[in-house]
Amino acid sequence: MKNAPIIFSAGSKGGVGKSLICCSIIDYIDDLNKKFIFVETDTSNPDVAKAYQSSVQTKVINMDTSDGWLLFIDTCDSNPDSIIIVNTAARSNTGVDKFGANLNNSLGELNRDLITLWPINRSRDSIDLLLDFADQFTHAKITVLRNEIFGEKEKFELFNTTPQCKDMEAKEFPALADRVVDAMNKNRYTIRNSLIELSIANRAELRRWKLAVKILFDEVIK
């Protein structure tokens, strides 16, 4: 039997919706009452960690360094029954390119699956970074998330027509109203806190979105 999986909220690029997706993963796993550890790798701007560190077990690890990747692997090894949720830093794949092979080559010994949810916008950069990541993490199950805030599926022309992307699994990640996202970010609310603290209208929108996300994650996080 496999140990609990590692779930990457990846993207390595700011502005694609990665932080919200990471929060939604934490919320989804928490709703399932499963053990998990949240690992924040964005040491320069750890917004997700700041929101969740008081309510969930959180580690901040700099994975731009070899020691950071080794510490991450040790964390996975020491907690086989805990799902490891990772928020990757919104910058280039430098750490992945240099040290990602350490994790890729350790997945068998860790006895864990690596599930990666990779949000994209409609720019070339987000696709190039995706292809670099896929080349490095050959054992990862990657689901590309076309973030609906950037338009309908047909508008992601670069991804849809890039030959290397045609066989990748891709899903649509539901858009959440800007006013709700803005309120959550302004107050650093978790999704759970937002369902208590936000206005009635914003809570209604958040519940609608949570249901859509649950349907998506029931399919892609297995």
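Above this text you will find the structure in question.
One structure accompanies this document, and this report is about it. No experiment lies behind these values; they were computed from the predicted model shown.

## Describing the overall build of the protein
Here's step 1: From N to C terminus, the protein includes 10 helices and seven strands.
Here's step 2: At 17 Å, the protein has a C-alpha radius of gyration in line with the 17 Å of a compact globule built from 222 residues.
Here's step 3: Projected onto its principal axes, the C-alpha positions of the protein cover 50 × 40 × 35 Å.
Here's step 4: For the protein, buried positions account for 50% of its 222 residues.
Here's step 5: For the protein, long-range pairs separated by at least 24 residues make up 74% of all intrachain contacts whose partners lie at least 6 apart in sequence.
Here's step 6: Accessible surface for the protein amounts to roughly 10600 Å². Of this, 47% is attributable to carbon and sulfur atoms.

## What about the sheet that holds strand β3 (residues 58-60)?
Here's step 1: On the basis of which strands lie adjacent, the open sheet formed by seven strands has the order β3-β2-β4-β1-β5-β6-β7 and parallel pairing. Taken across any chain shown, the strands that pair with only one partner, and hence form the sheet edges, are β3 and β7 (169-173). Averaged over all pairs of adjacent strands, the angle between their axes in this sheet comes to 20°, without regard to strand direction.
Here's step 2: Across three bridges, the pairing between strand β2 (residues 36-40) and β3 is parallel. Directly across from Val39, in β3, lies its bridge partner Lys59.

## Digging into the nonpolar core
Here's step 1: Membership of the largest hydrophobic core comes to 37 residues, with the highest contact counts inside it found for Ile26, Ile85 and Phe217.
Here's step 2: Residue assignment for this core shows that the elements contributing at least two residues are α1 (18-31), β2, α2 (47-52), β4 (83-87), β5 (114-120), α8 (178-187) and α10 (200-220).
Here's step 3: Look past the residues within four positions of Phe217 in its chain and what remains in contact with it is Ser24, Ile25, Tyr28, Leu117 and Phe173.
Here's step 4: Listed in part, the 34 residues of the second largest apolar core include Leu114, Ile127, Phe137 and Cys165.

## Focus on the environment of Pro174
Here's step 1: By the secondary structure assignment, Pro174 is in the loop between β7 and α8.
Here's step 2: Considered as a pair, Pro174 and Thr161 are 13 residues apart in the sequence and their alpha carbons are 22 Å apart.
Here's step 3: Once you skip the residues sitting within four places of it in the chain, Pro174 turns out to touch Glu148, Trp209, Ala212, Val213 and Leu216.

## As for the packing of aromatic side chains
Here's step 1: Counting across every chain of the model gives nine aromatic pairs.
Here's step 2: Pairing Phe8 with Phe133 gives two aromatic rings, centres 6.2 Å apart and planes at 50°, and the pair type is tilted. Here Phe8 is found in strand β1 (residues 6-9), whereas its partner Phe133 is found in helix α6 (residues 124-136), with 125 residues between them in sequence.
Here's step 3: Here the aromatic rings of Phe173 and Trp209 are separated by 6.1 Å at their centres, their planes lie at 80°, and the arrangement is edge-to-face.

## A short note on α10
Here's step 1: With 21 residues, α10 should reach 30 Å at 1.5 Å per residue; the first-to-last C-alpha distance of 30 Å fits that figure.
Here's step 2: For α10, every residue scored as buried is listed here: Asn202, Glu205, Leu206, Trp209, Lys210, Val213, Leu216, Phe217 and Val220. The buried residues of α10 occupy an angular sector of 140° when projected down its axis, which confines them to one face. Of the exposed residues in α10, those oriented more than 90 degrees away from the buried face are Ile200, Leu211 and Ile215.

## Overview of the pattern of salt bridges
Here's step 1: Enumeration over the complete set of coordinates arrives at 11 salt bridges.
Here's step 2: In this structure, Arg192 and Asp30 form a salt bridge, with 3.5 Å as the shortest nitrogen-oxygen distance. Taken together, the positions of Arg192 in helix α9 (residues 191-197) and Asp30 in helix α1 put the pair 162 residues apart, joining distant regions of the chain.
Here's step 3: Note on Arg192: relative accessible area 43%, which makes it partly exposed.
Here's step 4: With a relative accessible area of 25%, Asp30 lands in the partly exposed category.
Here's step 5: Here Lys210 ties to Asp31 by a salt bridge, and the two come within 2.7 Å at their closest N and O atoms.

Parameters at a glance
- Residues numbered from 1 in each chain as written.
- Predicted model: local features only at pLDDT ≥ 70, side-chain atom pairs only at ≥ 80, totals over all residues.
- Heavy atoms only, no water.
- Helix = DSSP H or I, 4+ residues; strand = E, 2+ residues; numbered from the N terminus.
- Rg over C-alpha atoms; globule rule 2.2 N^0.38 Å.
- Buried < 20%, exposed > 50% of the residue type's maximum accessible area, 1.4 Å probe, protein only.
- Contact = heavy atoms within 4.5 Å.
- Areas by Shrake-Rupley, 256 points an atom, 1.4 Å probe, with all protein chains shown as cover.
- Pairing = 2+ DSSP bridges.
- Axes fitted to C-alpha atoms, helices over the stretch in contact; angles between N-to-C directions.
- Core = buried A, V, L, I, M, F, W, Y, C linked by side-chain atoms within 4.5 Å.
- Phe/Tyr/Trp six-rings, centres within 6.5 Å; stacked < 30°, edge-to-face > 60°.
- Expected span 1.5 Å × (residues − 1).
- Arc of directions from axis to C-beta.
- Salt bridge = Lys/Arg side-chain N within 4 Å of Asp/Glu carboxyl O.

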